Amino acid sequence: MNINPPKTSLLAILLCIVSYGTTFAQKVEELAQTPPMGWNSWNTFQTNIDLPLLKGTVDTYVSSGMKDAGYTYFVLDDGWMAMQRDKDGNLVADPKKFPNGMKDFADYVHSKGLKFGIYNCAGTLTCAGYPGTRGYEYQDARLYASWGVDYLKFDWCNTEGINAIEAYKTMSKAILATGRPMIFSLCEWGQHNPWRWAKGVGQLWRSTGDIGPAFTETVAKNGWKPLSVLNILDRQDSIRQYAGPGHWNDPDMLEVGNGMRYNEDKAHFSLWCMLAAPLMAGNDLRNMSDQTRAILTNKEIIALDQDPLGIEAYRFYAFDGIEVWVKPLANNELAVCFLNRSSRAQKVDYDWKAHVMTDAVSGTSFDFNQVTYKMRDLWEKKDIGTTAKPLSLVIPSDDVVVLRLAK
């Protein structure tokens, strides 16, 4: 046996390795160039999931228009696995919930033209008490890759004594080692300032604790109080400089369709799109109202979230419950969201020429004395004039008006 292969063969092998490594690196770098869009099972079903329910939800995902609107990922949250690993230390899909195994369900998701996401935790147990990943990072990553997982949500329960940065970097390296491009969603609730260190570790990181289905204030349940839409909104402005293509601040999943009023749902969705947030719906797609569907599939609002410039909005103005949020867009365009977070309807008179909108993060400046922009109302879906004249409008309580400005 010749144990010294010809130099030409060795060179060819090395070139193949380098080529593969370069191609894979490019695929990873291309992940989440705009905020990921999808649906997550937790907000509606928690751990009460099984194959028939989830297949039905996948079918509705496609038939409802969600897929056509740009939603891509179907993310299975906590509760999918058996309570014990197998004799080889592998995670096992709960045989009662998934009698044909997880690869079978992943294949079903893929057959519908969607991408498949799954959940685990950096701790010894998940938040619902199922086997966590601590000590099994590389083994679990290989298993996910073999199932065809495209997205991993990685939570932060049962992590006493664990270093967050080390834990998430270890899982990130484990994913990379599989050779499968997989979005990595860090869900450590913003406790360790992930925006400062997680770029290059994952594609998105939670910036706050968990959201609840409330616009202004949530109610404590079992000694725990989730955050409301406005609670979370107020935590975003100071970290917007850390977000951009391939690395996003994640203010948590959408609560649209989960019990808030129509105007609150509309405002919630608008603000998340202004924030360039990952859009993960969490409602029961099978029982979605026409109003909820119209909000979640408004392509003109979604286009703000998916704008290739990837700039997160900033609070430009705030007075007496009225706020003006500004999001620079590609092609020198601009999105402006007027938010009324007061308890009464308010009339707004806004003179564009009295305000120059300058943003140090994006390096943009909009002087309406120098350039006139046409305005489009993205919820009314109609053009409403130009910035040559002051804007006058009435905004109901807990509602928004969202405009797109173009030269």
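To be clear, the structure that these remarks concern was listed above.
Rules behind the numbers
Residues numbered from 1 in each chain as written. Predicted model: local features only at pLDDT ≥ 70, side-chain atom pairs only at ≥ 80, totals over all residues. Heavy atoms only, no water. Helix = DSSP H or I, 4+ residues; strand = E, 2+ residues; numbered from the N terminus. Buried < 20%, exposed > 50% of the residue type's maximum accessible area, 1.4 Å probe, protein only. Contact = heavy atoms within 4.5 Å. Areas by Shrake-Rupley, 256 points an atom, 1.4 Å probe, with all protein chains shown as cover. Right-handed = clockwise from strand over helix to strand, strands pointing away. Pairing = 2+ DSSP bridges. Axes fitted to C-alpha atoms, helices over the stretch in contact; angles between N-to-C directions.

Participant: Report on the overall build of the chain, specifying residues and quantitative values.
Facilitator: A tally of regular secondary structure across the chain gives ten helices and 18 strands. Along the three orthogonal principal directions, the C-alpha set of the chain runs to about 85 × 55 × 45 Å. Within the chain, buried positions represent 55% of all 407 residues. Within the chain, contacts between residues separated by at least 24 positions form 68% of all contacts whose residues are at least 6 apart in sequence. When the accessible surface of the chain is summed, it comes to about 17,500 Å², and 51% of that surface belongs to carbon and sulfur atoms.

Participant: Outline the pairing of strand β3 (residues 115-121), supporting the account with residue identities and numerical values.
Facilitator: Burial analysis of β3 places six of its seven residues in the buried class, which makes it a mostly covered element. For the crossover from strand β2 (residues 73-75) across helix α4 (residues 102-111) to β3, the handedness is right-handed. Alignment of β3 against strand β4 (residues 151-155), held across five bridges, turns out to be parallel. Across the sheet, residue Tyr-119 finds its bridge partner in β4, namely Lys-153.

Participant: Outline the sheet that holds strand β8 (residues 279-281), listing residues and values.
Facilitator: Here we have eight strands laid out as an open sheet, ordered β7-β6-β5-β4-β3-β2-β1-β8, and parallel in their pairing. Each edge of the open sheet is held by one strand with a lone partner, namely β7 (248-250) and β8. This sheet shows a mean twist of 25° between the axes of neighbouring strands, independent of strand direction. Sitting on the sheet, helix α3 (residues 51-63) touches β1 (37-40) and β2, and the angle it makes with β2 is about 160°. In this fold α4 packs onto β2 and β3, with an angle of close to 140° to the strand it touches most, β3.

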